[in-house]
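Structure assessment
Here is how the chains run, residue by residue.
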Amino acid sequence: MMKPLFSSFITILLSCSAKAQTADYFQQEVNYTIDVTLDDQAHLLRGFIQFEYINNSPDTLHELFIHLWPNAYKNAKTAMSKQKMRGGDYFMLWASQKDKGYIDSIDFKVNNTKADWQYFQNYEDIAILFLDQPLLSGQRLTVSTPFKVKLPSGSISRLGHVGESYQITQWYPKPAVYDVDGWHEMPYLTQGEFYSEFGSYDVCITLPSNYVVGATGDLQNEEEQKWLDELSLKVVPEKKTQMVDGKEKDLRMEFPPSSAITKTLHYQQTNVHDFGWFADKRWIVRKGEVEMPNTKKKVTTYAMFTAANAEEWEKVGIKSINDGLYYYSLYSGDYPYNYCTAVDGTISAGGGMEYPNVTVIGNSGNVQGLATVIIHEVGHNWFYGILGSNERDNAWMDEGINSFFETRALLKSMPDANALGAIGIDNEMLNKRMQSSTLSYQYLTEELAYLLSARGNKDQPIQMPSEYYTNMNYGTIVYKKTAIAFNYLMQYLGEEMMNKCMAAYFEKWKFKHPGPQDIREVFEKTSSKDLSWFFDTLINTKGRVDAQASMIKKRKGKYVLTLFNNGDIASPVGADVMREGKMVSRTWFDGFEAQTWKSFEIDAKRGDIIKLNNIDGIPEIDKKNNTIRTKGPFKRIEPLKLKMLTGVDDPNHTQLFWNPLVAWNEYNKWMVGVQLHNKTIPTRNFTWSAAPMYSLVTNNVNGFASIESYNGKIGLGARAQKFSYETREVNDDLRVYSYQMLVPYVRANLFSSRLEKNWSGELKAEYFIMASKLKKSKDEFEPQFTNMAYEETIYGNNYGAYEDENVNHIRIKAHAKKKMLRSELRFESSVEGGDYTDFALFHQHALSYDYVYRGKGKKKIRTRFYYGGGNKVFNLSTNGQNGTSDYIYDGLFLGRSQQNGLLSQQFLRTQGGLAVPYADRFNRHLLSANVELDLPLGLPLGIYIGAAYGESSSGRIDEIYVAGVSVPLIRNVFEVYVPLLYSQNVKDALNSGNTKFGETIMFQLNLNLVNPFDLIKKAEL
């Protein structure tokens, strides 16, 4: 298919893997005979399986563990369902019976004698088969059973059907692997693949005769082979459409009636560890052939696809299968089988999924996307199929190494491949924006993916059990980082040596179960190099590669280059000498200790440019410090590139971006300006932004700015902003009241070592320096309320002068989040104080819990509990904060000082958060609870209810409640609250003010999420 663990656990994994190096290595053998019939009306498989199990271990076995993987689709309690829910996919929670699947009718016999069995622990997709007679070393036994599989919806995972298109995978009772580490019983998971015993398969499949089938193994039916040959000559039918419910329907995609006549197809294969098959009555067939580069053996290839995707498949279907087979054989060892097939099908577990000799490919969008997935999945015949590593524990040995070879093969067969085309997008303008003409395919598709995780310190080691990865890291680390790590290794060893190492690995371990220590031993022995830097640190840790060119000087007629290892790994450094834009030489320096300097002589001339690790597609965290010139005042500065909006981080340029800005608030009215920044995708460790905006009405400059240095763990920065919050007409003069603030801060990333447990969080300390400013045309004494919450009157002085001294405020805030199966727990806690309160501290704590309840869609029950402790000066608000009570300008308000009208109804759902048009304030204690229930309707509607208890230092105590309807138009950005039921004290307050119904409606417009500062953050993780 297209977590940092504790050191002790890594040690255990490595020690277990190392056992495969010893003379004790063995592997069991399982030989299958299966007869199965497809019922395409009831979507059932009815079958009988018999397998011979040969005990090649030195141990006596008293039981066999058997995988019954179709039971993963049985209910929402299975390991697969729970994994999918952890990733936010709740389909199994409300799936109907027709969507679910299972395997039953099991009646195991051992050597033709009925045997006892039971489910293993709480896993219904794992069985323990008890042996009446122990199976001694060197002995064999035969297990048989009937079975029935109810096929699930193909939208869940790998097994299933969409209409009468079938993907039959992980579908039969299958023994778990027993090796030097014991049994590897494992539940079925979507993220995390498989580990199975090698052997032979003899499979008969009975189904209606007009189905086209692609399967593992060699087809034994001559008549079926002739029929496939005939189909391969047929042209694609012309498109015919019909309007159905206002939509155009392609009639070629309708399933024809199933034939009343059945056929039985017979397949045989040896030296494989799985059997998959796919069937569809609509498929168009194309047949090809490719010659293996070493043995010159001819392999027959088939592409089977629907008419809707015929244009892409006709162009690259057979070609990409053949290219994959040829280049993988060239770089590793020849494909040992006779057939290879790729089919066009619905695959919900990813873009494609591999099985021995056959792969299923999902919709790819365009020609290049299709070619990429086909080559990747065909390549799995080596890295999964022939080299049968334990994918559940060592996913990088399958997906990662295969991704490395995928890129090599793709760029050979399609040299003009571009980054967007790889994901199915054909768009010239977007390609231009992605700078695909100047940045390489490998950099854009692989290196940037790794940087997305690593620069935010969200990455995990390459070596980990697959189920421990976050959803994102399974792609960015397992696939992409492994690919660029092996590309780095190839550049260091040289392509010829890399091919020798891979060929030796293939030859020694084909049709076996290699582990991490096994591939390391072959590579070190073949290359005669110590590769500890690669296998010990780059693979087993999340340590950074970061070479820095620190200095270059000429000594005794030769240039001496001083390097600093700014990373964590003693990895080799490639130094390219560039002259007139071309590389004249590349020298590899062996790695040296992290956080140290080392000097090397280099053959360069005056005017040359030295570039370190000048290789696209290697896992270096920061290439901006890799360039140095032999002359000039700015030896380490790259050429400047100015660009609109933003772009991909370009390691070869100093980038400056600009964005036009238009904004509005009640006081400044329309503002125009420009944002200048250096924020890229992914965000760099040092970022800055400045966004001045000029008001066309108040004729003053407003805006915001920020600067930060962040290494993924600790961030140091500052932000500033200035806007008007009130205007007044006095004697025909417009008086403009503005606030301005500067906030230096430090923040620390929390729980980076617990990503596999779905923990995240941050600790942040901020120091607020705030001031208010009055712009007026003549000196005049004028009272001004900077913030209504503090009930203080501040008086203006002269034009352009501050009305008061700077107001200082400190806030220390922590937040943590834990994602669980059907819920998410969040906690925020802050302690703060300052000039507003004579530095008397107050504190606020909020605990939020969202729970996905049973029902279609991701409908939730959202709860929030809040407690705040105030002081004699500071007040906490029951309804959340509006513009006047937002004491340190956390929000951006359209009408910050408005006391009535629509703009006064904007609020932040903080503090008490009751969403009620009644702001009762307490300066001692405030306790509140809020519950919001998403309604199971097609519209974004919910019901909310809240209650608060408050106490003031004067002894005043009050209780408030409210209930109403919520309208989350854009969740967390634009949400409307319509209160319908209040406590009596709220009613009295509203009645006394003659408040109309429309004036009670509150809305939350979180402009902080949509301001230009955060565009890059939203585009990232």
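Residues numbered from 1 in each chain as written. Predicted model: local features only at pLDDT ≥ 70, side-chain atom pairs only at ≥ 80, totals over all residues. Heavy atoms only, no water.

Observations concerning the overall build of the chain
Assigned secondary structure in the chain consists of 16 helices and 54 strands. The C-alpha radius of gyration of the chain comes to 33 Å, within 12% of the 31 Å expected for a compact globule of 1021 residues. Across its three principal directions, the C-alpha atoms of the chain cover 100 × 85 × 60 Å. Split into buried and exposed, the 1021 residues of the chain put 58% on the buried side. Carbon and sulfur atoms provide 54% of the accessible area of the chain, an area that totals close to 41900 Å². (Helix = DSSP H or I, 4+ residues; strand = E, 2+ residues; numbered from the N terminus. Rg over C-alpha atoms; globule rule 2.2 N^0.38 Å. Buried < 20%, exposed > 50% of the residue type's maximum accessible area, 1.4 Å probe, protein only. Areas by Shrake-Rupley, 256 points an atom, 1.4 Å probe, with all protein chains shown as cover.)

A short note on the sheet that holds strand 11 (residues 165-168)
Within the open sheet, the four strands sit side by side as 10-11-21-16. Their pairing is antiparallel. Only two strands of the sheet have a single partner each, and these edge strands are strand 10 (160-162) and strand 16 (212-215). Recorded for the sheet is a direction-independent mean angle of 10° between the axes of neighbouring strands. By the bridge criterion, three bridges tie strand 11 to strand 21 (residues 277-280) in an arrangement that is antiparallel. (Pairing = 2+ DSSP bridges. Axes fitted to C-alpha atoms, helices over the stretch in contact; angles between N-to-C directions.)

Quick word on the pairing of strand 39 (residues 714-730)
Residues in a regular strand project their side chains so that they alternate between the two faces of the sheet. As judged from the eight bridges shared by strand 38 (residues 701-710) and strand 39, these two strands associate in the antiparallel manner. Following the sheet pairing, tyrosine 710 is matched in strand 39 by glycine 715. Between strand 38 and strand 39, which follow one another and run antiparallel, lie three residues, and glycine 712 among them has a positive phi close to 90°. Counting the residues between successive antiparallel strands, the hairpin from strand 39 to strand 40 (residues 733-750) contains two residues, one of them, asparagine 731, with a positive phi of roughly 50°.

Regarding the confidence of the model for the chain
Overall, the prediction assigns the chain a mean pLDDT of 89, with 91% of residues at 70 or greater. Here residues 3-22 scores under 50 on pLDDT; set against residues more than four positions off or in separate chains, the count is 40 contacts. Scored below 50 in pLDDT, residues 1015-1021 makes 15 contacts in the model with residues more than four places away or belonging to other chains. (pLDDT = per-residue confidence, 0-100. Contact = heavy atoms within 4.5 Å.)

Considering the packing of aromatic side chains
Enumeration according to the criterion identifies 59 aromatic pairs in this entry. Ring geometry for tyrosine 335 against tyrosine 337: centres 5.3 Å apart, planes inclined by 80°, an arrangement best described as edge-to-face. Per residue, the accessibility class of tyrosine 335 equals that of tyrosine 337, and both read buried. Residue placement shows arginine 408 over the ring face of tyrosine 331; its charged tip is 3.7 Å from the ring centre. (Phe/Tyr/Trp six-rings, centres within 6.5 Å; stacked < 30°, edge-to-face > 60°. Lys NZ or Arg CZ within 6 Å of the ring centre and 35° of its normal.)

Examining helix 15 (residues 984-992)
Here helix 15 has its buried residues at Asn985, Val986 and Leu990. Summarising the axial view, the buried residues of helix 15 lie within an arc of 135°, below the 170-degree limit, and thus occupy one face. Facing away from the buried surface of helix 15 by more than 90 degrees, the exposed residues are Asn991 and Ser992. In this fold, the buried residues of helix 15 make contact with strand 52 (957-970) and strand 53 (974-982). (Arc of directions from axis to C-beta.)

Focus on the environment of isoleucine 54
Its place among the elements puts isoleucine 54 in strand 2 (residues 44-54). By relative accessible area, which is 6% here, isoleucine 54 ends up buried. A sequence separation of 223 residues divides isoleucine 54 from tryptophan 277, and the C-alpha atoms of the two residues are 25 Å apart. Those residues in contact with isoleucine 54, other than ones at most four positions away along the chain, are Gln28, Glu29, Asn31, Gln139 and Arg140.

Comments concerning helix 10 (residues 441-454)
The α-helix winds at 3.6 residues per turn, so residues separated by three or four positions along the chain end up facing the same way. Between its first and last C-alpha atoms helix 10 spans 20 Å; for 14 residues at 1.5 Å apiece the expected length is 20 Å, and the two agree. Along helix 10, the sharpest change in direction is near 35° and occurs at glutamate 447. Most of helix 10 is tucked away: 13 of the 14 residues are buried. (Expected span 1.5 Å × (residues − 1). Bend = angle between axes of the 7 residues up to and from the residue.)

Focus: empty space enclosed by the protein
Within this model, the largest cavity holds a volume of roughly 110 Å³. Along the walls of the largest cavity sit 13 residues, with Gly217, Leu219, Tyr267, Tyr302 and Thr341 positioned nearest its centre. Of all the secondary-structure elements, those providing two or more residues to the lining of the largest cavity are strand 16, strand 17 (218-219), helix 4 (222-232), strand 23 (298-305) and strand 24 (339-344). The biggest single contributor to the lining of the largest cavity is strand 16, with three residues. Residues of the lining of the largest cavity, tallied by class, amount to eight nonpolar, four polar and one charged. (1 Å grid on protein atoms, 1.4 Å probe; cavity = no way out; pocket = protein on both sides within 12 Å on 5 of 7 lines; lining within 4 Å. Points joined across faces, edges and corners; volume = space filled by probe spheres on them. Nonpolar A, V, L, I, M, F, W, Y, C, P; charged D, E, K, R; others polar.)

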